[in-house]
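# Architecture and fold: a report
Below are the chains, spelled out letter by letter.
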Amino acid sequence: MDAFEAIKATFFQECDELLADLESKLMLLEQGQTDLETINAVFRAVHSVKGGAGAFGLEALVRFAHVFETLMDELRGGRKPCDTVTIKTLLRASDVLADHIQAAQGLAPPVDEERSAGLVHELELLTHGGEAPPVVEEDEDDFGFTPMAFDAALDEPLADLGGSGEIEVAASEAQTGWRVLFKPHSRMYGSANEAGLLLRELGRVGPTTVSVDAENLPTLDILVAEEGYLTWTIDLTAEVDEKVVREVFDFVEADCDLTVSPLGGAPALEFEEEPPAVLPASDDLDVAALLAKAAGAAPPEAPAPAPAPVAAAPEPAPAPAPAPVPPPVAAAPAPTTAPVPPAQVAAPVAPAPVTIRVDLDRVDRLINVVGELVIQQAMLSQRVLESGLARSSGIALGLEDLELLTREIQDSVMAIRAQPVKSVFQRMPRLVREVADMVSKQVRLVTAGEDTEVDKTVVERLAEPITHMLRNAIDHGLETPEDRVAAGKPAEGTVRLAALHRSGRIVIEISDDGRGINRERVKKIAIDKGLIAPEAALTDEQIDNLIFLPGFSTAAVVSDISGRGVGMDVVKRSIQALGGRISISSVPGKGSTFTLSLPLTLAVLDGMVVSAADQILIAPLPAIVESLTPQESDLHYVGGVDPVIRFRERFLPLIDVAMTMGFRDTPVVPNEGVAVVVETEGGQQAALLFDAIQGQRQVVIKSLETNYQQVEGVAAATILGDGRVALILDVDVLVTDMRRKSGRPDFKLAS
Amino acid sequence: MNEANDSQRELIAFRIGRQEFCVDIMSVREIRGWTPATPLPRSPGYMKGVINLRGTVLPIIDLGARFGLETSEPTARHVIMVAHIGGRMVGLLVDAVSDILEMNDASVQPTPDVASDQVKTFVKGIFSIDGRMISLIELDHILPQVEAEAA
């Protein structure tokens, strides 16, 4: 039962992938790309879900998928037009399909019968023009026997195997007997094994025909008596397991070339073409691979009349599935009676990248260990340096190579965790549809940069904030269609979701072309709620940022979707927890843009090593603009107290880090230190004053929260080459913190 | 007999100044010498900072200061007890580890009322061995935020 559950779990995993695939293909259809290939891809996805569901007896899911599939079949047969109405229905149907899958997993309550039935009716209407629903039952029995390997077979035009070869293999398996190729090495004779005895032993298993190939036998003058020159080919006609045959050679297997192949099968034919004696070892592998392929691809040959159209469809064998559809996904859910591992089924599909599923824990363990390795390597380097060895010494050079290797290992390991943000973006179209329906607005979602890669943890934790902000954009940002038309905009609002890499971080932008932030109202609400003082004079930017304050909600009517007032501050906090920043820019009447900026990984960081009051600190390199030695002439004091520094004709606040962090009580003389100009996510610049810069290096981020708690002004910690802990500065907090200290009592900053 | 065994516990006794305390031996993972810690900005006085324990960033709490006792700058003779507190690993700075005791729950006396509130937060009870008074420490409240949650 456990094994069954495991397969079921795999099926659901693959369902998720299929759904994502389905969604993306439907989006393509929506964008007008209604070619046969896309429609086929949709059909395949639905069919795969149905096939798997059938095998697990998930009736509700099967029934729904079937209706869906039937319509898709009509579409790909060209019998029904793929028009806008149909596509909209298909999109909603895919949502319900997703719900059915969730319900089947027990993750969600059963799907609302009415909703499901309604869509079934719509789908049927589109399929038959209102005919009575077809009887689903008649197909049901077949489901267990229509494994998705079928699709795999359609995907790859069997080029690798050649259809005939496959049948031969299938046939030969029905025959009984084995052809054994046996070529002893000298070692076998050396360990006092005798080929004749083995042949006799094999003869006891069943009738054998033995032939010897002596072609390699050299002339007597160069013959080495201890060498093995002979190759035997033994045809064994007996109904025995391959294992029995191999058992005979059990003790000598390591000392000979042994190939066991079914008698009369395709692989055997291959041998006859070549002189068996020169069979290189690699051919053995080929045989194994061919057998595996044959085993994987054989099911399609089984008489599976399935949902008739599949087999009957006059399908011009489609080119190997389009790149974004990894065929393994389509092939994988094959719930054959014997659990074929997905990888095996996928094996013959050459163009697809080969993937494996690995438990995330294992990857994380690896990453942790590599992190330790990096630290250890740095410590070692430092020790060697301290020992006074010449830079040209063998040890130092070896260490340099080691460092390069370490870095490469680290990068490779990090790449394992990197994932495209697609997995999150793909969930959004549905959300947008539902929210748009709920608030009766017309919304078009445009996504860009789905292939931008970022650490898995970051990807996972992006879903919630993005969901939230999209809801907000539709609910608060966009106007009603009437208002939009009145404002001279198209009735359909556009929400854009984009991801891009920018200076070592990933930036997510969510923008709408709605009404923008109503600053008057935002300010009034903030005053009403006591978040700011009534007389506070705020810049537009500051007003926009008020929406991130806890307990702020602008929606006049609290809707189902958003407006409970926990919105943006929660978003802000969850982004901050990831080491990210959020900012907003808004143009009244034109729309708003939220920008999230997040680190690519939560594990390493390029930093500048600085010292302040005997402490070593790390300043994140991406935040640093420039470093300079303050000149007396560039230093000024605002109000005679707060130091500022002139940097490119602008005055930036000069922050004594050691003092701000409480490492020292008296300020350092500015021109004895080093000023590092930094820029916050909000684009604000400031100069941080340190005692000295020590260098630049990649550091492994260690959370302080694991064993302690968040510390203000500190983003995380790391371990230096000498084994000591150094703190990584939170530049944004340092800069804004300094601003708060400089006094703005009328503006309570959310912190 | 069984009951007695059930409540039999092993404790690690340690000294801070002239006072003796103890904690359950099961919550102590290892004991190591003092190494200079990296101070954390704006942390309470009893937070000595963080050290590297084989790749883990370990916060160090000066237990004496946490109890409100007078403490001096740590030296190489001071000792860090690495303890598990509610899923976290924390280093506790004490003067010296003195003993491993076996103790029966029944012999623990409640903390007398004369003790200050700060002491009572951490001291679960007291008991005597060979005429020495040893206070049994409850580690759950040692970390600042745990304390905040409890409040």
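What counts and what doesn't
- Residues numbered from 1 in each chain as written.
- Chains lettered and ligands numbered in written order.
- Predicted model: local features only at pLDDT ≥ 70, side-chain atom pairs only at ≥ 80, totals over all residues.
- Heavy atoms only, no water.
- UniProt positions renumbered as here; feature names shortened; annotations may be inferred.
- Helix = DSSP H or I, 4+ residues; strand = E, 2+ residues; numbered from the N terminus.
- Buried < 20%, exposed > 50% of the residue type's maximum accessible area, 1.4 Å probe, protein only.
- Areas by Shrake-Rupley, 256 points an atom, 1.4 Å probe, with all protein chains shown as cover.
- Contact = heavy atoms within 4.5 Å.
- Pairing = 2+ DSSP bridges.
- Axes fitted to C-alpha atoms, helices over the stretch in contact; angles between N-to-C directions.
- Core = buried A, V, L, I, M, F, W, Y, C linked by side-chain atoms within 4.5 Å.
- Buried area = accessible area lost by both parts, 1.4 Å probe.
- Salt bridge = Lys/Arg side-chain N within 4 Å of Asp/Glu carboxyl O.
- Polar contact = N/O pair within 3.5 Å; in protein donor to acceptor, adjacent residues only side chain to side chain.
- Parallel < 35°, antiparallel > 145°, perpendicular 65-115°, else oblique.
- Left-handed = near helix turned anticlockwise from the far one by under 90°.
- Nonpolar A, V, L, I, M, F, W, Y, C, P; charged D, E, K, R; others polar.
- Expected span 1.5 Å × (residues − 1).
- Bend = angle between axes of the 7 residues up to and from the residue.

As annotated in an unreviewed UniProt entry, chain B is Chemotaxis protein CheW from Brevundimonas intermedia.

If you check an unreviewed UniProt entry, chain A appears there as Chemotaxis protein CheA from Brevundimonas intermedia. Under the heading Function (unreviewed entry), UniProt records this for chain A: "Involved in the transmission of sensory signals from the chemoreceptors to the flagellar motors. CheA is autophosphorylated; it can transfer its phosphate group to either CheB or CheY." If you open the UniProt record of chain A and go to Catalytic activity (unreviewed entry), you find "ATP + protein L-histidine = ADP + protein N-phospho-L-histidine."

## Structural notes on the overall build of chain A
When helices and strands are tallied, chain A shows 27 helices and 22 strands. Going through the 751 residues of chain A one by one, you find that 47% of them count as buried. In the structure as shown, chain A presents an accessible area of about 36200 Å², 55% of it carried by carbon and sulfur atoms.

## With respect to the overall build of chain B
Secondary structure assignment for chain B yields four helices and 10 strands. The linear arrangement of helices and strands in chain B, starting from the amino end, is α-β-β-β-β-β-α-β-β-β-α-β-β-α. Each of the 151 residues in chain B was classed as buried or not, and the buried ones make up 46%. Contacts in chain B between residues at least 24 apart in sequence constitute 56% of all its contacts with a sequence separation of at least 6. Carbon together with sulfur atoms contributes 49% to the accessible area of chain B, which is approximately 7600 Å² in total.

## Re the sheet that holds strand β2 (residues 208–213) of chain A
The strands making up a sheet associate through hydrogen bonds between their backbones, and the pairing can be parallel or antiparallel. Residues and elements named next belong to chain A. Reading across from one edge, β2-β3-β1-β4 is the order of the four strands in this open sheet, with antiparallel pairing throughout. Of all strands in the sheet, those bounded by a partner on one side alone are β2 and β4 (256–262). Within this sheet the neighbouring strands show an average axis-to-axis angle of 15 degrees, counted without direction. When β2 meets strand β3 (residues 231–236), the two strands line up antiparallel, connected through six bridges. When the bridges of β3 are listed, Asp-213 appears paired with Thr-231. Of the strands in this sheet, β1 (178–184), β2 and β3 are in contact with helix α10 (residues 195–205), which crosses β3 at around 10 degrees.

## Focus: the nonpolar core
Formed by 58 residues in total, the largest nonpolar core has its most connected members in A:Leu617, A:Phe690, B:Phe14, B:Leu92 and B:Ile142. Residue contributions to this core peak at four residues, all from strand β6 (residues 79–85) of chain B. The residues contacting B:Leu92, other than those within four sequence positions of it, are B:Ile61, B:Leu63, B:Val79, B:Ile80, B:Met81, B:Ala83, B:Leu139 and B:Ile142. Ranked by size, the runner-up nonpolar core spans 51 residues in total, among them A:Ala436, A:Ala526, A:Ile532 and A:Ala536.

## Section: the interface of chain A and chain B
Contacts between the two partners involve 24 residues from chain A, matched on the other side by 24 residues from chain B. Carbon and sulfur atoms supply 55% of the area buried between chain A and chain B, which totals about 1900 Å² over both sides. Three residues stand out in chain A for area buried against chain B, namely A:Asn707, A:Tyr708 and A:Val725, and they jointly supply 38% of the buried area on that side. At the surface where chain A touches chain B, the tally comes to zero salt bridges. Taken together, the links from chain A to chain B amount to four residue pairs in polar contact (both at pLDDT 80 or more). Counting only elements with at least two residues in the side of chain A that touches chain B, the list comes to β21 (714–719) and β22 (725–729) of chain A.

## Regarding the environment of A:His47
With respect to the helices and strands, A:His47 occurs in helix α2 (residues 36–55). A:His47 sits 26 residues away from A:Asp73 along the chain, and the two C-alpha atoms are 9.9 Å apart.

## Examining the environment of A:Cys82
Residue and element names in this part refer to chain A. The residue Cys-82 is located in the loop between α3 (59–76) and α4 (84–105) in this model. Sequence separation of Cys-82 and Ile-39 is 43 residues, and the distance between their C-alpha atoms is 9.0 Å. Apart from residues no more than four positions distant in its own chain, Cys-82 is found in contact with Leu-29, Thr-34, Ile-39, Leu-75 and Ile-87.

## What about the packing of α3(A) against helix α5 (residues 113–128) of chain A?
All names here are of chain A. It is at 9 Å that the axes of α3 and α5 come closest, and there the two elements cross at 20 degrees. Judged on the interaxial angle alone, α5 and α3 are roughly parallel. Handedness of the α3/α5 crossing: left-handed. On the side of α3, the interface is formed by Phe-64, Val-67, Phe-68, Thr-70, Leu-71 and Glu-74, while α5 contributes Ser-116, Leu-119, Val-120, Leu-123, Glu-124, Leu-126 and Thr-127. Residue composition of the contact of α3 with α5, grouped by class: eight nonpolar, three polar and two charged.

## A look at the pattern of salt bridges
Residue and element names in this part refer to chain A. Using the criterion set out here, one finds 26 salt bridges over all chains in the structure. We note a salt bridge from Arg-433 to Asp-95, for which the minimum N-O separation is 2.8 Å. On the criterion of sequence distance, the pair formed by Arg-433 in helix α20 (residues 428–438) and Asp-95 in helix α4 is long-range, its members being 338 residues apart. Of the two residues, Arg-433 and Asp-95, neither departs from the other in class, the shared state being buried. One salt bridge connects Asp-451 with Lys-422, and the closest N-O pair in it is separated by 3.4 Å. Taken together, the residues span a long stretch of sequence, with Asp-451 in the loop between β6 (443–448) and β7 (453–455) and Lys-422 in helix α19 (residues 422–425) at a distance of 29 residues. For Asp-451, a relative accessible area of 55% puts it in the exposed group. Of the residues examined, Lys-422 reaches a relative accessible area of 28% and is grouped as partly exposed. Residues joined in a network through salt bridges with shared partners are Glu-23, Asp-95, Asp-99, Arg-430, Arg-433 and Glu-434.

## Quick notes on the sheet that holds strand β12 (residues 604–612) of chain A
Residue and element names in this part refer to chain A. The strand order across the open sheet built from five strands is β20-β12-β13-β22-β21, with neighbouring strands paired in mixed fashion. The outermost strands of the open sheet, each flanked by one partner alone, are β20 (692–700) and β21. Taken pair by pair, the neighbouring strands of this sheet meet at an average axis angle of 35 degrees, ignoring direction. The pairing of β12 with β20 spans eight bridges and is antiparallel.

## Some thoughts on the side chain of A:Thr660
All names here are of chain A. On the secondary structure map, Thr-660 appears in helix α26 (residues 657–660). Here Thr-660 falls in the buried class, since its relative accessible area comes to 6%. Within the structure, the side chain of Thr-660 is placed 2.7 Å from the backbone oxygen of Asp-656, a separation counted as a polar contact.

## Considerations on helix α21 (residues 456–477) of chain A
In this model α21(A) runs 30 Å from its N-terminal to its C-terminal C-alpha over 22 residues, within 8% of the 32 Å that 1.5 Å per residue would give. Residue A:Leu462 marks the point of greatest curvature in α21(A), where the axis turns by about 30 degrees; the proline A:Pro465 follows within four residues.

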